[in-house]
Amino acid sequence: MKNKSFLILGLSAFLIWNCSKSESSSSSEEENEEVTTVVDKTLNQQETGASANDFLSNDNYDKLIIEVAYVTGYQPEEAAILDNLEFIEEITFKEDIEVQYLELDSPNEATLSTQEVYDLEQENRTVYTDGTTLGMYIYFSDTTFEDDDPDSGLYTLGAVYLNTSMVIYQESVREIAKASTLISNATVETATLNHEFGHLFGLVNIGSDMVHDHEDETTNDDGEIIGNQHCDQEGCLMRAELQFSSGMSKMLTAKNGQVPDLDAECLLDVAANGGR
Ligand SMILES: [Zn+2]
Ligand SMILES: [Zn+2]
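Source: prediction; values computed, not measured.

**Re the coordination of the zinc ion (ligand 1)**
Part 1 of the reasoning: Summarising the metal site, the zinc ion (ligand 1) is bound by the protein donors H195 (NE2), H199 (NE2) and H230 (NE2), whose distances to it range over 2.1 Å.
Part 2 of the reasoning: Here the donor residues for the zinc ion (ligand 1) map to a single chain with the spacing H-x3-H-x30-H. Note that H195 is positioned in helix α7 (residues 185-200) and H230 in strand β9 (residues 225-231), a separation of 35 residues in sequence. Each member of the pair, H195 together with H230, is buried.

In structure tokens:
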């Protein structure tokens with residue numbers, strides 16, 4: 001109920017703002033605005049994990065549309081998308097899931113920062129949360145991540161940066177697959193997609209409360225021990241090392257190319273927040 005009234009309020013606020021803007025704009029701009037669909041983007045501008053329950057249950061949204069945006073030549077494998085959909089259906093109650101593909105030009109950069117990924121999303125994304133449909137955006141980039149540390153072999157495979165926004169660094173994904181006969185592009189893509197979706201489902205301790213404490217810990221720059229939003233259980237999909245290429249290839253090799261699953265603790269958390 002709360003969410004519904006927020007949506008209506010949000011939409012009308014946007015309409016009012018849009019109308020008042022039209023009045024003061026030139027006639028050519030007015031023509032453009034008439035064909036613009038009114039979308040309340042604020043629903044897709046919340047922090048990671050904020051929509052965990054909206055993914056897991058059908059209380060507020062009974063449909064999910066995933067926009068798969070990819071740079072030409074970097075389209076994910078069909079098998080990876082199908083396996084990822086299977087994972088979403090296993091963990092959540094969503095049954096009505098649609099995938100829309102969007103081919104994009106390369107930004108012609110070697111690396112991208114999270115800010116740049118966000119800016120590209122603002123330019124290109126067309127699918128937003130609307131009515132009882134939850135909108136999701138995944139960008140398959142032809143670059144690596146700007147903050148990678150090649151000296152330590154730390155290449156980031158993927159990240160989530162808002163409640164319905166994800167990036168997969170295909171350049172790094174493909175490097176791993178190239179290096180091992182046990183591991184295919186599709187396997188790394190599936191494992192990375194599933195791990196990042198795990199974060200959007202509120203794991204670990206970011207939107208889905210822990211039933212039992214199982215958050216992994218890291219020492220920060222001030223020497224304090226803090227939770228690192230990953231799982232401390234052996235072999236779990238939400239292990240911290242899976243976000244980096246070296247950890248991913250180690251784990252996939254150890255599992256003979258099998259994509260890791262959520263462990264019992266992570267499954268308890270998503271079930272407690274409206275999931276299966
Ligand atoms: Zn992670
Ligand atoms: Zn876990």
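**Regarding the confidence of the model for the protein**
Part 1 of the reasoning: Averaged over all residues, the pLDDT of the protein equals 89, while 87% of them reach at least 70.
Part 2 of the reasoning: The model gives residues 1-31 a pLDDT under 50, and that stretch makes 18 contacts with residues more than four places away or in other chains.

**With respect to the packing of aromatic side chains**
For any two aromatic rings, the description comes down to two numbers: the centre-to-centre distance and the angle of the planes.
Part 1 of the reasoning: Summed over all chains, the structure comprises six aromatic pairs.
Part 2 of the reasoning: On the basis of an interplanar angle of 75 degrees and a centroid distance of 6.4 Å, the ring pair of Y70 and Y101 is categorised as edge-to-face. With Y70 in strand β1 (residues 63-71) and Y101 in strand β2 (residues 96-104), this residue pair connects regions lying 31 residues apart in the sequence.
Part 3 of the reasoning: Site record: aromatic cluster; members linked through ring pairs are F55, F87, F197 and F201.
Part 4 of the reasoning: R125 extends its terminal NZ or CZ atom over the ring of Y128, reaching a point 4.8 Å from the ring centre.

**Section: the pattern of salt bridges**
Part 1 of the reasoning: With the rule as written, the count across this model stands at six salt bridges.
Part 2 of the reasoning: A salt bridge links K63 to E98; the shortest N-O distance between them is 2.9 Å. With K63 in strand β1 and E98 in strand β2, this pair connects stretches of sequence that are 35 residues apart.
Part 3 of the reasoning: As a salt-bridge pair, R239 and E241 come within 3.4 Å of each other at their nearest N and O atoms.
Part 4 of the reasoning: With relative accessibility at 32%, the residue E241 sits in the partly exposed group.
Part 5 of the reasoning: One salt-bridge network, in which partners are shared between bridges, spans K63, D96 and E98.

**Structural notes on the coordination of the zinc ion (ligand 2)**
Part 1 of the reasoning: Every protein donor of the zinc ion (ligand 2) is accounted for by C231 (SG), C236 (SG), D263 (OD) and C266 (SG), and the metal-donor separations fall at 1.9 to 2.3 Å.
Part 2 of the reasoning: If you look at the zinc ion (ligand 2), its four donor atoms make angles of 96 to 115 degrees with each other, and the shape they trace is tetrahedral.
Part 3 of the reasoning: Spacing between the donor residues of the zinc ion (ligand 2) along their common chain follows C-x4-C-x26-D-x2-C. Of this pair, C236 sits in the loop between β9 and α8 (245-254) while D263 sits in the loop between α8 and α9 (264-272), and the two are 27 residues apart along the sequence. With respect to burial, C236 and D263 carry one shared label: buried.

Rules used throughout
- Residues numbered from 1 in each chain as written.
- Chains lettered and ligands numbered in written order.
- Predicted model: local features only at pLDDT ≥ 70, side-chain atom pairs only at ≥ 80, totals over all residues.
- Heavy atoms only, no water.
- Donors = N, O, S within 2.8 Å, 3.2 Å for Na, K, Ca; no water.
- Helix = DSSP H or I, 4+ residues; strand = E, 2+ residues; numbered from the N terminus.
- Buried < 20%, exposed > 50% of the residue type's maximum accessible area, 1.4 Å probe, protein only.
- pLDDT = per-residue confidence, 0-100.
- Contact = heavy atoms within 4.5 Å.
- Phe/Tyr/Trp six-rings, centres within 6.5 Å; stacked < 30°, edge-to-face > 60°.
- Lys NZ or Arg CZ within 6 Å of the ring centre and 35° of its normal.
- Salt bridge = Lys/Arg side-chain N within 4 Å of Asp/Glu carboxyl O.
- Tetrahedral: all angles 85-135°; square planar, octahedral: opposite > 155°, others 65-115°.

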